[in-house]
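# Coordinate inspection notes
Listed here are the chains, written in short residue letters.
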Amino acid sequence: MTDLPRHHAFLPYPDRQVASAASGPLAGLTLAVKDIFDVAGYPTGAGNAYELARSGVKTATAGIVQTLLDAGASFVGKSYTDELAYSLLGQNVHFGCSANPAFPGCITGGSSSGSAVAVAAGLADIGLGTDTSGSIRIPAALTGTIGWRPTRGMLSLDRCRALAPSFDTPGFIVRDLYALARLMDIFGAAASIQPIQLCLAREMLEATDDEVVADCRTSLQKSGLQVETGELLKGFDLTELAEAFQTILRVEAWRSNAELLDERPEAIDPAIRERLAAGPTISMSRLEAARDLQRDLAVYLDTQLRDGRVYAFPTLPTTPPRVPALGEEASLFRQRVIALTCVAGLAGLPQLSLPLGRQSPTQAISLLAGKGLDRSLLVAATGLIGGEHQRGESAGGARS
């Protein structure tokens, strides 16, 4: 566990042997597992001390983890998560926060913070996490790694602690597109059979700081690809979509954690407890209106994105806070981020975040495609970054 003083990527659980296949498409790659997935021989703490205390050692392994092990990946540890997977900051009052190896002093983002840090620091080749409101995409951007939120429903959530079932999606953080391609093969991402047309999403650009947009345009121009600018959300208001997303999220997060909130409210970070407590105050009519908007958006985008078009926009709307991110600064950053992440969440779409520069996490760009067109994201990413990130050096996953 010698990484702990430097990175805080892994939970300090006693090591237990976790068997994996001796050969397979992921042989030679190491795996960090977010501590909301069950792994036989380990507890599942979900970033909360009380949940950890009552977890007990699990006797079965989550299906998605087992698939990775059967493909040859070697388990190297359970990684930190924001408390109850309900934050985008990468900070945890119970277990501390992971240190950002790519941008020292910057937050790591959550809730898959530990998995992102493990990959960025070379302590694992694959970071398994979940993405509800951006918990794969945002940590990837903040640590200079690649984050894939798959089409919702493609990957199993068996033996994974729920936050908001309408949005929860397993996802991966890697250093290179080679590892990403192997993961897409394993989980059956369909081949891309249409030419990729890359388009900047005007609505997302309007919700992003001018200097971040300028960097995004410059990076895309350097790629040499022809990129147009167009509307992704014709007839939909991004602010209204973000509010609908958060309405559903608050209700479902409260329902998922109602027992804990009732039994031991003092065991929850006050900031997270406050957000959970907002769930039961939301009226049924407001929730239904949010779900109606969600359905309308999903139907529209299912038609809009059938032609193979991939929409691009900055992953982060603004310069992220430094550690510790507290109060109004943290709240404002979270709200602005959700405005960019909510579209994929509401419509169940695949999204990929990848770094187009090393100077700032705001140089990360997101690619959004139609449902089931995850492979189109890989094709577009390959065109954008050329030889870079094609195949990184294996770090071997040593915790040192």
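In the block above lies the structure referred to throughout.
Please read these numbers as outputs of a predicted model, since none were measured by experiment.

Before going further, it helps to spend a moment on the pattern of salt bridges. Where charged atoms from two side chains of opposite charge approach closely, those side chains can pair. Applying the stated criterion across every chain yields a total of 18 salt bridges. Here Arg-336 ties to Asp-209 by a salt bridge, and the two come within 2.9 Å at their closest N and O atoms. Of this pair, Arg-336 sits in helix α12 (residues 327-347) while Asp-209 sits in the loop between α6 (202-206) and α7 (210-223), and the two are 127 residues apart along the sequence. Between Glu-243 and Arg-250 there is a salt bridge, with its nearest N and O atoms 3.7 Å apart. The partly exposed category is assigned to Glu-243, whose relative accessible area is 35%. Through salt bridges with shared partners, one network takes in Glu-51, Arg-54, Arg-161, Glu-259 and Glu-263.

What follows is about unusual backbone geometry. For the bond running from Gly-110 to Ser-111, omega is 5°, close enough to zero to count as cis. Residue Pro-324 follows Val-323 across a cis peptide bond; omega there is -5°. By the secondary structure assignment, Pro-324 is in the loop between β8 (309-314) and α12. In this model, Leu-84 sits at a positive phi of 60°, which is unusual for a non-glycine residue. Inspection of the secondary structure assignment puts Leu-84 in the loop between β2 (74-79) and α3 (113-120). Accessibility expressed as a relative area gives 3% for Leu-84, which makes it buried. The phi torsion at Arg-159 lies on the positive side, around 55°, for a residue other than glycine. Assessed through its relative accessible area of 35%, Arg-159 is described here as partly exposed.

For the rest of this paragraph, the subject is the packing of aromatic side chains. Inspection of the entire model under this criterion finds seven aromatic pairs. Between the aromatic rings of Tyr-80 and Phe-95, the centroid separation amounts to 6.5 Å while the plane-to-plane angle is 65°, which identifies the pairing as edge-to-face. You can see Tyr-80 sitting in the loop between β2 and α3 and its partner Phe-95 sitting in the loop between β2 and α3, a full 15 residues away along the chain. Taken together, a centroid distance of 4.3 Å and an interplanar angle of 25° make the contact between Phe-167 and Phe-245 stacked.

Turning our eyes to something else, we now look at the sheet that holds strand β1 (residues 30-34). Strand order in the open sheet formed by ten strands is β2-β1-β3-β5-β4-β9-β10-β8-β6-β7, with mixed pairing between adjacent strands. Here the strands that pair on one side only, and so sit at the sheet edges, are β2 and β7 (228-230). On average, adjacent strands in this sheet sit at an angle of 30° to one another, irrespective of strand direction. Here strand β6 (residues 197-201) runs beside β7; their pairing, made up of three bridges, is parallel.

Here we take up the packing of helix α8 (residues 238-256) against helix α11 (residues 284-304). For any two helices packed against each other, the geometry is given by the interaxial angle and the distance between the axes. The geometry of α8 relative to α11 is characterised by a closest axis approach of 9 Å and an angle of 120° between their N-to-C directions. Taken together, the axes of α8 and α11 are oblique relative to one another. Crossing geometry of α8 relative to α11 is assigned as left-handed. The segment α8 lies against α11, with Glu-240, Leu-241, Glu-243, Ala-244, Thr-247, Ile-248, Arg-250, Val-251, Glu-252 and Arg-255 engaging Met-284, Arg-286, Leu-287, Ala-290, Arg-291, Leu-293, Gln-294 and Leu-297. Classifying every residue of the contact of α8 with α11 by side-chain character gives nine nonpolar, two polar and seven charged.

Reading the values: the criteria
Residues numbered from 1 in each chain as written. Predicted model: local features only at pLDDT ≥ 70, side-chain atom pairs only at ≥ 80, totals over all residues. Heavy atoms only, no water. Salt bridge = Lys/Arg side-chain N within 4 Å of Asp/Glu carboxyl O. Helix = DSSP H or I, 4+ residues; strand = E, 2+ residues; numbered from the N terminus. Buried < 20%, exposed > 50% of the residue type's maximum accessible area, 1.4 Å probe, protein only. Phe/Tyr/Trp six-rings, centres within 6.5 Å; stacked < 30°, edge-to-face > 60°. Pairing = 2+ DSSP bridges. Axes fitted to C-alpha atoms, helices over the stretch in contact; angles between N-to-C directions. Parallel < 35°, antiparallel > 145°, perpendicular 65-115°, else oblique. Left-handed = near helix turned anticlockwise from the far one by under 90°. Contact = heavy atoms within 4.5 Å. Nonpolar A, V, L, I, M, F, W, Y, C, P; charged D, E, K, R; others polar.

All quantities given are derived from atomic positions and should not be read as evidence of function.
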